[in-house]
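The primary structure of each chain is shown beneath.
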Amino acid sequence: MRTLLVCACLLSISAVTAFGQAGGGGGGRRSATPRTRIPAPDLTPNTMIFLTGKVVVDDGSVLTEVVDIQTVCKGQKRTETHTDSHGGFSFQFGSLSTTSSGMDFEADTPSRGGTAGRPERRDLRDCELRASLAGFTSESIVLGGRFSGEQSADVGRVVLHRLVNVEGFTISATTAQAPGDAKKALDKGQEQLRKSKWDDAQKSLEKAVTIYPKFAVAWFELGRVQLQKNDSAGARHSFEQSLVADSKYINPYHALTQLAMHDRNWKELVEFSEKLLSLNPVNFPDAWLSNALGHYCLRNYSAAEKSARRGLQLDTEHHVPKLEYLLGITLVQKPDYEEAAQHLRAFLSLATKTADVEEAKRQLDEIARLSATANLNVGTKKQ
């Protein structure tokens with residue numbers, strides 16, 4: 001199945017998340033902590049209200065990552081906005097347009113809009129609010145009750161708790177130890193990065209790591225800027241320095257995994273993805289895909305199958321459908337044509353790109369041909 005091997009090893013890099021982003025909807029897991037009930041207005045579904053608040057970590061850690069703010073209304077998740085550099089957030093609930101991006105990877109439904117392209121109206125009384133960050137679970141705030149007729153409200157603190165079975169996190173302990181000047185340089189560099197001012201951002205972040213060489217987050221952000229400037233070697237160095245500063249900081253491993261994917265360096269792809277997954281095996285199904293792909297391209301099919309299955313167990317909302325594809329073509333190597341076809345059909349039910357659909361159909365045709373040939377050979381031997 002040489003053609004299948006080539007196809008798998010050329011899986012689109014878009015299957016993994018963008019540099020510097022935490023993957024896989026990690027912080028959105030339900031917390032065992034009792035929900036905090038705050039007063040909310042007796043609103044009709046057509047009423048709008050402006051909500052503000054702040055995300056904090058229960059142990060007082062400095063929050064350096066952007067955190068997604070989500071509402072869950074009758075089981076449907078929606079990313080409303082993101083925190084600023086200090087953990088604050090604000091958004092207007094019930095508006096015709098939201099502050100979130102056009103693509104909602106956390107959505108349980110394929111579209112946010114209602115019928116005829118109109119945005120749906122949601123009732124605040126049926127909703128909860130929570131934060132989402134890999135490696136953490138969030139307390140949920142029930143948006144019920146009354147706000148004493150006010151059309152704006154501060155929901156207070158949304159508390160994140162570290163997952164007990166996770167060692168690595170998307171925030172670094174070194175941030176709290178950084179001098180004030182270094183933190184200011186980081187904040188400035190991150191703001192310049194958001195505005196795509198790459199040269200200015202690089203200068204600010206270089207200043208931050210010069211003041212405080214153990215500033216893991218600043219090294220990582222510097223690497224992101226260097227990637228934007230097509231300086232892969234510089235980015236790799238910065239990511240490695242970030243890990244020297246804090247070996248349990250997840251983001252550099254994620255970035256190095258993606259660099260290995262881009263370079264088609266399968267050995268490094270396995271190495272970096274395994275380091276990431278050893279620190280956080282629950283929040284990055286895309287890392288399980290990367291690990292499975294690396295093993296597949298190194299022809300270690302049993303390890304590829306194991307990683308793909310683990311990724312599918314975690315990816316309950318099908319954010320990484322190529323796990324189905326990769327497991328399918330890996331099972332051809334056993335050979336297990338029946339289950340291989342099942343996973344490729346599952347991928348077809350999730351795929352949205354025309355090229356992906358066409359490729360999966362070709363693989364299914366090839367599996368059918370191989371299965372028919374195998375059955376014919378078995379029949380011939382029996383005769």
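So, here's what we can say about the structure. Because the structure is a prediction, the values reported are computed rather than measured. (Residues numbered from 1 in each chain as written. Predicted model: local features only at pLDDT ≥ 70, side-chain atom pairs only at ≥ 80, totals over all residues. Heavy atoms only, no water.)

## Remarks on the sheet that holds strand β2 (residues 49-57)
Turning to step 1, where the next piece is worked out: One open sheet accounts for four strands, arranged β5-β2-β9-β7; its pairing is mixed. The sheet terminates laterally at β5 (88-93) and β7 (136-138), the two strands that pair on one side only. If you compare each strand with its neighbour and ignore which way they point, the axes differ by 30° on average.
Turning to step 2, where the next piece is worked out: Note: β7 against strand β9 (residues 152-162), three bridges, orientation antiparallel. By the bridge assignment for β9, threonine 137 is matched with histidine 161. (Pairing = 2+ DSSP bridges. Helix = DSSP H or I, 4+ residues; strand = E, 2+ residues; numbered from the N terminus. Axes fitted to C-alpha atoms, helices over the stretch in contact; angles between N-to-C directions.)

## Here we look at the nonpolar core
In summary, soluble globular proteins display a tendency toward joint burial of nonpolar side chains.
Turning to step 1, where the next piece is worked out: Grouped together as the largest cluster of nonpolar side chains are 37 residues, with contacts concentrated most on Leu186, Phe215, Ala218, Phe239, Leu256, Leu276 and Phe284.
Turning to step 2, where the next piece is worked out: A per-element tally of this core places helix α4 (residues 216-228) first, with eight residues. (Core = buried A, V, L, I, M, F, W, Y, C linked by side-chain atoms within 4.5 Å. Buried < 20%, exposed > 50% of the residue type's maximum accessible area, 1.4 Å probe, protein only.)

## Looking at the environment of valine 270
Turning to step 1, where the next piece is worked out: Position of valine 270 relative to the elements: it lies in helix α7 (residues 266-279).
Turning to step 2, where the next piece is worked out: As for valine 270 and alanine 292, which are separated by 22 residues in sequence, their C-alpha atoms are 7.9 Å apart.
Turning to step 3, where the next piece is worked out: If sequence neighbours within four positions are ignored, valine 270 has contacts with Asn291, Gly294, His295 and Leu298. (Contact = heavy atoms within 4.5 Å.)

## Focus: the packing of α4 against helix α5 (residues 232-245)
Turning to step 1, where the next piece is worked out: Contact geometry of α4 with α5 gives a least axis separation of 8 Å together with a crossing angle of 170°. With respect to each other, α4 and α5 are oriented roughly antiparallel. By crossing handedness, the relation of α4 to α5 is classed as left-handed. Packed against α4, whose contacting residues are Ala216, Trp219, Phe220, Leu222, Gly223, Arg224, Gln226 and Leu227, the element α5 presents Ser232, Gly234, Ala235, His237, Ser238, Phe239, Gln241, Ser242 and Ala245 at the interface.
Turning to step 2, where the next piece is worked out: Of the residues assigned to the contact of α4 with α5, the class counts are eight nonpolar, eight polar and one charged. (Parallel < 35°, antiparallel > 145°, perpendicular 65-115°, else oblique. Left-handed = near helix turned anticlockwise from the far one by under 90°. Nonpolar A, V, L, I, M, F, W, Y, C, P; charged D, E, K, R; others polar.)

## Here's the deal with unusual backbone geometry
Peptide bonds are, in most cases, trans, and in most cases residues other than glycine have a negative phi.
Turning to step 1, where the next piece is worked out: Look at the link from lysine 334 to proline 335: it is a cis peptide, with omega at -5°.
Turning to step 2, where the next piece is worked out: Positionally, proline 335 belongs in the loop between α10 (322-331) and α11 (337-350).

## Let's talk about the pattern of salt bridges
Turning to step 1, where the next piece is worked out: Going through the model one piece at a time under the given rule, you end up with 13 salt bridges.
Turning to step 2, where the next piece is worked out: Here aspartate 199 ties to lysine 229 by a salt bridge, and the two come within 2.8 Å at their closest N and O atoms. Of the two residues, aspartate 199 is situated in helix α3 (residues 198-211) and lysine 229 in the loop between α4 and α5; the sequence distance between them amounts to 30 residues.
Turning to step 3, where the next piece is worked out: Taking the shortest distance from any N to any O, the salt bridge between arginine 309 and glutamate 305 comes out at 3.0 Å. Of the two residues, arginine 309 and glutamate 305 both sit in helix α9 (residues 301-314), four residues apart, roughly one turn of that helix.
Turning to step 4, where the next piece is worked out: Residue class for arginine 309 comes out partly exposed when judged on its relative accessible area of 28%. (Salt bridge = Lys/Arg side-chain N within 4 Å of Asp/Glu carboxyl O.)

## Brief notes about the packing of helix α8 (residues 285-297) against α9
Two measures define how a pair of helices packs: the angle their axes make with one another and the distance between the axes.
Turning to step 1, where the next piece is worked out: For the pair α8 and α9, interaxial distance at closest approach is 8 Å and the crossing angle is 165°. When the axes of α8 and α9 are compared, the pair comes out roughly antiparallel. In terms of crossing hand, the pair formed by α8 and α9 is left-handed. Contact residues: Pro285, Trp288, Asn291, Ala292, His295 and Tyr296 in α8; Tyr301, Ala303, Ala304, Ser307, Ala308, Arg310, Gly311 and Leu314 in α9.
Turning to step 2, where the next piece is worked out: Within the contact of α8 with α9, the residues separate by chemical class into nine nonpolar, four polar and one charged.

Worth remembering: the numbers are spatial, not functional.
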